[in-house]
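Per-entry structural report
Spelled out, the chains give:
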Amino acid sequence: MNREVTLPLIVDDRGTLQVAAADVSKLLRTVGGRWLHLVEAGAEGLDEDTVAALTIELAKLADRIDVACIAHSSGAP
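Since we're looking at a predicted model, the values are computed, not measured.

**Observations regarding the overall build of the chain**
When its secondary structure is counted, the chain shows two helices and zero strands. A buried classification covers 14% of the 77 residues belonging to the chain. Excluding contacts between residues fewer than 6 apart, the proportion of contacts in the chain whose partners are at least 24 apart in sequence is 60%. Total accessible area on the chain is roughly 5,900 Å²; 58% of this is exposed by carbon and sulfur atoms.

**Comments concerning the packing of helix H1 (residues 21-40) against helix H2 (residues 48-73)**
With their axes 9 Å apart at the nearest point, H1 and H2 run at an angle of 170° to one another. As far as their axial angle goes, H2 and H1 are roughly antiparallel. Considering the relative orientation of H1 and H2, their crossing is left-handed. Among the residues forming the contact of H1 with H2, the class breakdown is 16 nonpolar, four polar and four charged.

**A closer look at a nonpolar patch on the surface**
Judged by side-chain polarity, Trp35, Leu38, Leu46 and Leu54 come together as a nonpolar surface patch covering roughly 300 Å² of accessible area. Among the structural elements, Leu38 can be located in helix H1. According to the relative accessible area criterion, Leu38 is partly exposed, its value standing at 42%.

**Some words on the environment of Ala22**
Position of Ala22 among the secondary structure elements: in helix H1. We classify Ala22 as exposed; its relative accessible area is 55%. Residues Ala22 and Cys69, 47 residues apart in the sequence, show an inter-C-alpha distance of 9.2 Å.

**Some thoughts on the nonpolar core**
Side chains of nonpolar character tend, in soluble globular proteins, to be buried together. Grouped together as the largest cluster of nonpolar side chains are six residues: Ala21, Leu28, Leu58, Ala62, Ile65 and Cys69. It is H2 that provides the largest number of residues to this core, a total of four residues. Beyond its immediate chain neighbours, meaning those up to four positions away, Ala21 contacts Ile65, Asp66 and Cys69.

**Focus on H1**
Its 20 residues give H1 an end-to-end C-alpha distance of 29 Å, which sits within 8% of 28 Å, the value for a rise of 1.5 Å per residue. All of the buried residues in H1 are Ala21, Ser25, Leu28, Gly32 and Val39. Relative to the axis of H1, the buried residues are bounded by an arc of 60° and lie together on one face. More than 90 degrees from the buried face of H1, the exposed residues found are Ala22, Asp23, Lys26, Leu27, Arg34 and His37. Buried residues in H1 make contact with H2.

Conventions used here
Residues numbered from 1 in each chain as written. Predicted model: local features only at pLDDT ≥ 70, side-chain atom pairs only at ≥ 80, totals over all residues. Heavy atoms only, no water. Helix = DSSP H or I, 4+ residues; strand = E, 2+ residues; numbered from the N terminus. Buried < 20%, exposed > 50% of the residue type's maximum accessible area, 1.4 Å probe, protein only. Contact = heavy atoms within 4.5 Å. Areas by Shrake-Rupley, 256 points an atom, 1.4 Å probe, with all protein chains shown as cover. Axes fitted to C-alpha atoms, helices over the stretch in contact; angles between N-to-C directions. Parallel < 35°, antiparallel > 145°, perpendicular 65-115°, else oblique. Left-handed = near helix turned anticlockwise from the far one by under 90°. Nonpolar A, V, L, I, M, F, W, Y, C, P; charged D, E, K, R; others polar. Patch = residues over 30% accessible without salt bridge, like charges linked within 9 Å, V, L, I, M, F, W, Y side chains within 5 Å. Salt bridge = Lys/Arg side-chain N within 4 Å of Asp/Glu carboxyl O. Core = buried A, V, L, I, M, F, W, Y, C linked by side-chain atoms within 4.5 Å. Expected span 1.5 Å × (residues − 1). Arc of directions from axis to C-beta.

So this is what it looks like as structure tokens:
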């Protein structure tokens, strides 16, 4: 998976973030973690390699959201 995802920040006219980034990134990491637990529990129909790859990509996306929001809150361009 080498495609880049653009992460728009949702801000109001004062520059305040309208979505709690911590909640979004936590959700992305939680989804990946639950998929991994299902694979470890032997759930049928889940390919271990695919789940691992998707979980990694979700974690990367969560990291990018965190970095973008940190940069936004610190005033970086």
